[in-house]
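Per-entry structural report
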Amino acid sequence: MTAIQQDHPPEQPRPSDQAHDHGHGHSHGHGPAAPVSARLRKIIAAVLIPFAVAVVAGLIVLWPGGTPDHKASGRSGLGFDQQTVAGRVVKVEEVNCADVNAQPQAPTEPGQDSAAQNGAPGQGGKKSVCEKATIEVTSGKDKGRTFPEIVQPNASRQFSAGQELKLAYAPKAPKELQYSVSDVDRSMPMALLAGLFALAVVAVGRLRGVFALVALAISFGVLTLFILPAILQGSNPLVVAVVGGSAIMLLALYMCHGLTARTSVAVLGTLVSLLLIGVLGSLFIAWASLTGNTDDQTGLVHGLYPNIEIRGLLLAGVIIGSLGVLDDVTVTQTSAVWELRAADPTVSRRRLYGAAMRIGRDHIASVVNTLVLAYAGASLPLLLLFSIADTGVGTVATSEIVAEEIVRTLVGSIGLVASVPVTTALAVLVVSADRAPAADGGAKRGADAGGAQAARTGRGGRGRRRRAKTR
């Protein structure tokens, strides 16, 4: 069985349409575009089936086995493996910071000393007000137990009565220090937002929206069950990203858009673009001497797992980050070519390519702008720090922490731009070159049918003229 199925079954003329002509000026041949030939489907399958087999083989070879090191050693280095229970804020009351031995964390403001901030007498300083929250444990063996939590006036996290929390539990600590606030419980708003997202996708996309949600779940599963554990076990991050990203691409595209030649062209266009992104990313990351170790999280991961190749991790992030937008561009371009061809089956390759590229240029402008703004938004705190420091643009752009994002953005954008002409050219070749014989035969049959219809129309016209003369 090949990997390419016919897009739509050919529409056969009905005998009644041939036998009875009611004077309609249009033909009955409108409808879905004719399927590509079996020969071309075999050619596409000959390219994609070995690729899919290689991806499956890569998944089998690189699939992480055994217990990960961080689970076997009982440590993660991030505190995520601590025991947690549910909690709730019972009440919040205002107290003097000095009375609870709480020191304000903000630096002393000009003209105001630390004694004034602490509410000490002198210099007319007013007392600093803190909040004392009473927290109740609502799950676990100590359910019903309460403990106080002091909140500084300048703290980023403030509590309110009735707020649900996640509490960290340290069984070996002294009894009064066993529980502490770990985070806010965001389960309800996050679940509600996810439900609204799924409802919107299904309401607009219907069955295809359901398939899109299933593909999203599969993509998340590949990321969490294969890509991340395989990297932690020491596999090359670039190889893991290529194999995992290819698996996500194949599953998501074929599940959402069907096992058709149209989808296969989008897969080929995405594959070529990913190859270009990988080559350019590897070249410029090495040329710019980017290490990838530019933040605390990366440094912590590298400290816990020295065998992880951080530069490869950077390149893997570039590939995975570009994959989702690439799918969007290649599918859109392929669909544009198919629909343009269906609207005008006689259009030449050159005109078809030009019309599809006009659509693609608009898509390029919007997608590149979206990608740049997405990276800029993610790096906004960093950009603010550089702005505060009043550092020159050249210095900022060439610093490693910013240069990493610039390389990531530009390499991904080059791949996106290249995917438009590549995918468009592949789609034009498939829908045009393959149908030339069928089009010639169809034209000949159409001419024959047209001649017969003209003859019938002529006879009918003469009959009508004779009847008119008789009357």
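Residues numbered from 1 in each chain as written. Predicted model: local features only at pLDDT ≥ 70, side-chain atom pairs only at ≥ 80, totals over all residues. Heavy atoms only, no water.

The name an unreviewed UniProt entry gives the protein chain is YibE/F-like protein, with Streptomyces melanosporofaciens as the organism.

1. What about the overall build of the protein chain?
To keep it simple, the criterion reads: Numbering of helices and strands runs from the N terminus; a helix is a DSSP stretch of H or I covering at least four residues, while a strand is a stretch of E covering at least two. For every residue, the accessible area (1.4 Å probe, protein chains only) is compared with the maximum for its type, and the residue is labelled buried under 20%, exposed over 50%, or partly exposed between those bounds. Contact criterion: two residues are considered in contact whenever any of their non-hydrogen atoms come within 4.5 Å of each other. Computed with the Shrake-Rupley method and a 1.4 Å probe, the accessible areas treat only the protein chains shown as cover for residues.
On a plain count of helices and strands, the protein chain comes out with 14 helices and 5 strands. Counting the 471 residues in the protein chain, one finds 34% classified as buried. In the protein chain, of all internal contacts separated by at least 6 residues, the share reaching a separation of at least 24 is 71%. A total accessible area of about 27400 Å² is found for the protein chain, and carbon and sulfur atoms account for 62% of it.

2. Remarks on the packing of helix H7 (residues 261-287) against helix H9 (residues 310-343)
Stated formally: Note on method: axes are straight lines fitted to C-alpha atoms, helices fitted across the in-contact stretch only, with angles between N-to-C directions ranging 0 to 180 degrees. Oblique is the label for any angle not under 35 degrees, not over 145, and not in the 65 to 115 range, which are roughly parallel, roughly antiparallel and roughly perpendicular in turn. Note on convention: the crossing is left-handed when the near helix lies turned anticlockwise from the far helix by less than a right angle, right-handed when the turn is clockwise. Think of it as three bins: nonpolar holds Ala, Val, Leu, Ile, Met, Phe, Trp, Tyr, Cys and Pro, charged holds Asp, Glu, Lys and Arg, and polar takes everything else, Gly as well.
At a minimum axis separation of 8 Å, H7 and H9 run at an interaxial angle of 150 degrees. Between H7 and H9, the angle is such that the two are roughly antiparallel. Of the two elements, H7 crosses H9, and the hand of that crossing is right-handed. For the contact of H7 with H9, the per-class residue count stands at 15 nonpolar, 10 polar and 4 charged.

3. Observations regarding the UniProt feature "transmembrane region" (unreviewed entry) in the protein chain
Our working rule: UniProt positions are given in the numbering used here, feature names are shortened, and annotations may be inferred rather than shown by experiment.
UniProt annotation of "transmembrane region" (unreviewed entry) refers to residues 43-63, 187-204, 211-232, 238-256, 265-288, 308-326, 367-389 and 409-431 when read in the numbering used here. Secondary structure within residues 43-63 divides into 95% helix and 0% strand; the distance between the first and last C-alpha atoms comes to 31 Å. Here residues 308-326 is 89% helix and 0% strand, with 27 Å between the C-alpha atoms at its ends.

4. Side note on the nonpolar core
Quick reminder of the rule: The nonpolar core is taken to be a set of buried Ala, Val, Leu, Ile, Met, Phe, Trp, Tyr and Cys residues, with the residues joined through side-chain atoms within 4.5 Å.
Of all hydrophobic cores here, the largest spans 59 residues; its most connected members are Ile44, Phe226, Val240, Met249, Val267, Val337 and Trp338. Elements that contribute at least two residues to this core include exactly helix H2 (38-62), helix H5 (187-232), helix H6 (237-257), H7, H9, helix H10 (349-378) and helix H13 (400-433). With 11 residues, H9 is the largest single contributor of residues to this core. Among all residues touching valine 267, those that are not within four sequence positions of it are Leu48, Met249, Leu250, Leu253 and Tyr254.

5. A short note on the packing of aromatic side chains
For the record, the criterion: Two rings from Phe, Tyr or Trp (for Trp, the six-membered ring) form a pair when their centres sit within 6.5 Å of each other. Planes less than 30 degrees apart are called stacked, planes more than 60 degrees apart edge-to-face, and all others tilted.
Tallied over the entire structure, the rule returns 4 aromatic pairs. With a centroid separation of 6.3 Å and an interplanar angle of 20 degrees, the aromatic rings of phenylalanine 147 and tyrosine 179 are classed as stacked. On the criterion of sequence distance, the pair formed by phenylalanine 147 in strand S3 (residues 146-151) and tyrosine 179 in strand S5 (residues 179-184) is long-range, its members being 32 residues apart. Three or more aromatic residues joined by ring pairs form one cluster here, namely Phe147, Tyr169 and Tyr179.

6. Looking at the sheet that holds strand S4 (residues 164-169)
Just so we agree on the cut-off: Here, any two strands with at least 2 DSSP bridges between them count as paired.
The strand order across the open sheet formed by 5 strands is S3-S2-S1-S4-S5, and the pairing between neighbours is antiparallel. Both edges of this open sheet fall to S3 and S5, since each of them pairs with a single strand only. The average undirected angle you get between the axes of adjacent strands in this sheet is 45 degrees.

7. Comments concerning unusual backbone geometry
Backbone geometry at arginine 206 places phi at a positive 55 degrees, although glycine is not the residue there. Along the chain, arginine 206 turns up in helix H5. Its relative accessible area of 64% is what places arginine 206 among the exposed residues. Despite not being glycine, serine 289 shows a phi value in the positive range, around 55 degrees. Counting through the fold element by element, serine 289 comes out in the loop between H7 and helix H8 (296-304).

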